[in-house]
Amino acid sequence: MFDAPCLSGPLQLEEEWIDYNGHLNMAYYNVLFDRGLEQVWEKLGFDYTYRRETGCTTFSAEFHVCYLREIHLGDTVRVSTHLLDYTEKSFHFYQELIYQSGWVSATAEGVSLHIDQSGPLVTNLPNEILANFKVLHRAHQHLPRPERVGRVMSLRG
């Protein structure tokens, strides 16, 4: 059911995403990471129907990006997603933005929350989606912990 790590379909850069330096603007790395994560969420059951029928969704609580190598208009990328941990209400994951020939352009680490939008408030996942998280986590448990997970940002060591 789940690859280890999960790998998105090919994603294309859009012309309006390119900045005055001629490469992908930093904001759109987040868009690409989000699109890759949406593909995982759909497999878990967080699809449009779920959101419409339950009023529940996911919110990003924290997200860290490391920019490693530029990408440009015309480039194709994929997003890998590694589920690191989860609870009944939250999920911790690591992602890589992978250029078409295999090198990593950027990495991201995030924590997302399951939200009931009527509050809004953080709420438990339904049992069927929680069961899917268990399967995904089991598929990803053997993966090595990525080196960039848990990095602290500072100017001096």
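In the block above lies the structure referred to throughout.
What you see is a predicted model; the values in this text were computed from it and never measured.

What should I look at first to understand the nonpolar core in this one?
Nonpolar side chains tend to gather and get buried jointly when the protein is soluble and globular. Within the largest apolar cluster, 16 residues are counted, with the highest numbers of intra-cluster contacts made by W41, L44, F46, F91, F133 and L136. Here this core takes 4 residues from helix α1 (residues 26-44), the largest share from any one element. Among the nonpolar cores identified, the runner-up in size contains 15 residues, and W17, L32, V77 and Y99 belong to it.

What am I meant to see in the pairing of strand β5 (residues 90-99) here?
A regular strand carries its side chains on alternate faces of the sheet. Counting buried positions along β5 yields 9 of 10 residues, so the element is predominantly enclosed. Examined bridge by bridge, strand β4 (residues 76-86) and β5 share 9 bridges and lie antiparallel to one another. Paired with S80 across the two strands is E96, which belongs to β5. Connecting β4 to the next strand, β5, in antiparallel fashion are 3 residues. The hairpin formed by β5 and strand β6 (residues 104-116) contains 4 residues between the paired strands, and G102 there has a positive phi angle of roughly 115 degrees.

What am I meant to see in helix α3 (residues 127-140) here?
Side chains that are three or four residues apart share a direction in an α-helix, a result of its 3.6 residues per turn. The end-to-end C-alpha separation of α3 is 20 Å, in line with the 20 Å expected for 14 residues at 1.5 Å each. When α3 is considered as a whole, its buried residues turn out to be I129, N132, F133, L136, H137 and H140. The arc enclosing the buried residues of α3, seen along the axis, measures out at 140 degrees, which places them on a common side. Looking at α3, the residues exposed on the side facing more than 90 degrees away from the buried face are N127 and E128. Contacts from the buried residues of α3 go to β1 (6-7), α1, α2 (48-54), β4 and β5.

Could you clarify how one ought to interpret the environment of P120 in this entry?
Locating P120 in the fold gives a position in the loop between β6 and β7 (121-122). Residue P120 is classed as exposed on the basis of its relative accessible area, which comes to 56%. For P120 and C56, which are 64 residues apart along the polypeptide, the C-alpha to C-alpha distance reads 9.1 Å.

Procedures and definitions
Each chain has its residues counted from 1, running along the sequence as written. pLDDT decides what is reported in this predicted model: residues at 70 or higher carry local features, side-chain atom pairs at 80 or more are listed and counted, and totals for whole chains, interfaces and linings draw on all residues regardless. Note that water and hydrogens are dropped before the side-chain values are worked out from all heavy atoms of the structure. As used in this record, nonpolar core signifies buried Ala, Val, Leu, Ile, Met, Phe, Trp, Tyr and Cys residues forming a set joined through side-chain atoms within 4.5 Å. A 1.4 Å probe rolled over the protein chains alone gives each residue an accessible area, and that area as a share of the maximum for its type sets the label: buried under 20%, exposed over 50%, partly exposed in between. Labels follow the DSSP assignment, with helices taken as runs of H or I lasting at least four residues and strands as runs of E lasting at least two, numbered in each case from the N terminus. A pair of strands counts as paired when DSSP detects no fewer than two bridges linking them. A helix is expected to span 1.5 Å for every residue after the first. Directions pointing from the helix axis toward each C-beta atom define the arc. We call two residues contacting when some pair of their heavy atoms lies within 4.5 Å.

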